[in-house]
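Coordinate analysis (summary)
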Amino acid sequence: MATPAPLELIAVTKRYRATLAVDAIDLRIPAGTYCCLLGPSGCGKTSTLRMIAGHEIASEGDILLGAANITTLPPAARGTAMMFQSYALFPHLSVRDNVAFALKMRGIDKATRHRRAGELLELVAMSAYADRLPAQLSGGQQQRVALARALITEPQILLLDEPLSALDPFLRVRMRAELKRLQRELGISFIHVTHGQEEAMALADLVVLMNAGRIEQQGSPREMFNRPRTAFAARFMGGHNVLRRADQQIAVRTDHIRIAPTHALRARVTELEYQGTWLQANLALPDGETLIATLTEQQFDAAPFGAGDEVGIAWDDDAAHPLV
Amino acid sequence: MKLASNTTARLQALPLALVLAVFFLLPLAMVIMVSVWDYNEYEMIPAWSGRGYSDSFEGCLAQLPELCTILRTYAETVKLCALVWLLTLLIGFTVAYFLAFHIKSRTLQIALSLLCTIPFWTSNVIRMIAWIPMLGRNGVVNQALQALHITKAPVEWLLFSEFSVVLALVHLFSLFMMVPIFNSMMRIDRALIEAAYDAGASGFQTLRDIIIPLCKPGIVIGSIFVITIVMGDFITVGVMGGQQIASAGKIIEVRVNALQFPAAAANAVILLGVTMMIIVGLSRLVDIRKEL
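I will try to describe carefully the structure that is included in this document. As the structure is a computational prediction, the values presented were derived from the model and not from experiment.

Applying the stated criterion across every chain yields a total of nine aromatic pairs over all chains. Ring plane angle 25 degrees and centroid distance 5.7 Å describe the contact between A:F232 and A:F236, whose orientation is recorded as stacked. With A:F232 and A:F236 both in helix 8 (residues 231–237), this residue pair falls four residues apart, about one helical turn. By relative accessible area, which is 18% here, A:F236 ends up buried. Consider the rings of B:F173 and B:F176, whose centres lie 5.5 Å apart with planes at 35 degrees: the pair is tilted. Of the two residues, B:F173 and B:F176 are both situated in helix 8 (residues 162–186); the distance of three residues between them amounts to about one turn of the helix. Positioned above the aromatic ring of A:F90 is the side chain of A:R149, whose terminal nitrogen or guanidinium carbon lies 4.7 Å from the ring centre. Here the basic side chain of B:R51 rests over the ring of B:Y39, its NZ or CZ set 4.3 Å away from the ring centre.

Attention shifts here to the pattern of salt bridges. Residues and elements named next belong to chain A. In total, this model carries 25 salt bridges over all chains according to the counting rule given. Close ionic contact of R50 with E56 constitutes a salt bridge, the shortest N to O distance being 3.1 Å. The buried category is assigned to R50, whose relative accessible area is 15%. Residue E56 is classed as buried on the basis of its relative accessible area of 16%. A salt bridge links E178 to R144, with the nearest nitrogen and oxygen atoms 2.8 Å apart. Of the two residues, E178 sits in helix 5 (residues 169–186) while R144 sits in helix 4 (residues 139–151), which places them 34 residues apart along the sequence. Residue E178 shares its accessibility class with R144, and that shared class is buried.

Reading guide: rules and limits
- Residues numbered from 1 in each chain as written.
- Chains lettered and ligands numbered in written order.
- Predicted model: local features only at pLDDT ≥ 70, side-chain atom pairs only at ≥ 80, totals over all residues.
- Heavy atoms only, no water.
- Phe/Tyr/Trp six-rings, centres within 6.5 Å; stacked < 30°, edge-to-face > 60°.
- Helix = DSSP H or I, 4+ residues; strand = E, 2+ residues; numbered from the N terminus.
- Buried < 20%, exposed > 50% of the residue type's maximum accessible area, 1.4 Å probe, protein only.
- Lys NZ or Arg CZ within 6 Å of the ring centre and 35° of its normal.
- Salt bridge = Lys/Arg side-chain N within 4 Å of Asp/Glu carboxyl O.

Dropping the structure here:
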């Protein structure tokens, strides 16, 4: 397919009247990267995606794809394609015509565009449904069609706006794996907007965590999880306790908290939950701070305790990350 | 359970079905029945006869290729109807498009839609009389044209002409076209338009390939309103045409006034048939477009 190119955002800003949706962000996404824009609702991730897609024009800053400045180009001239949250399939067109739509708009003859549409339907394993209307497909099938439709223009970057949010949890995990496979096979960049950190960690080569219009932190999923830079990042990525120690905050992974009667720091167990792979203990320190510890069944069985008990807790010095 | 709910549904539909049966199907059946009765100069005779139809088409075969009166009248009515339909479609679609896609505020949309109902705030008679000071020999338009030295003498075709008939009908029925189309447009998911733009569609291509096909139900409903009303109209055509323009509805009126009820009924059935053919043809046309 198309030659992959890196994408670069330089001081990109988006203002809607008085509100600042995206605040001068800089971001470089190397070619062939699966990038997840992650963050809570209203953090600017969707605005960022829409600016890359060309459905919003950046108020300030530049967007470069390869050597081209695409900041103000219309969507179809950018080499990007977008897959919409609700898929936005054309209800009056067959699956084949939906996929071939962009080629029809370019004036490509019917035989050629139907052949290309057939190839893409094959790619997403939907060949058998080419003559159906979107309303006759399930959510997962509609999504595959939407993917094929977006890919027919051979984009260098595919933009996905919360693509999995409309699916049930079981299907979500399956489509997730399929997106990843597709991205690997095509070798192009995918930029995927999500508010689920689990989804981002499972898929991304590069996680970009956004908060209040700025990039809070970016890195590989492992970097993001193991070295959160801020309290927000630690909380959003999950699995961390944010604690105040002396004059600064630290983050400690819940599975790095050790519990034993002998440890000096005393805590009361307020809740104990069995979660299969893990046991989760909610703990309260004497000064009122709360934290969570997760233990394996083995660790728990070695020194069992119950809700209401007083226990000692500790963590290694290198398990505590100072936060800014 | 299923059976019970089915019965309930039928019972709920019963009152309307009864009203339709008594006030629509029964009279229609009677019209069709009377249309095949015999008649003389002063009464109708309840005996089978094709006279109502044969009188209407009297001499039509002999006159060919010249069109006889009834065929000429129908041709005239269909032409008028087509003109009104085309204009109401253009105006209705444009106004609906503007309201649906360019007006973002819901309140303003409702306010502007209500403005479109202004032609209906006065009675038909007053509305038609009101055209006279507007379009007459010494009306506002003619005075303005002369004052601006665009014409020397008053323009005659402004009133009591085909022009004024079409103007009055379009003025009145554009709303009937606009409302169903607007309704269809409001149901279009805005993401579809964005998706079309993303796929490189120009404004015109989006209109042709996305918006118009998705407005099809509204266009067909609006067309049925306009065509059925205009095909049968004789009051507006009569008043605005200065009683000079023949129409299918006018034929029926003349027959009724002459107390030739079977002939009037026969013409009503012919009109019904022609109107239904136009509508069926129209919906076919739209369906074929979809196949392309």
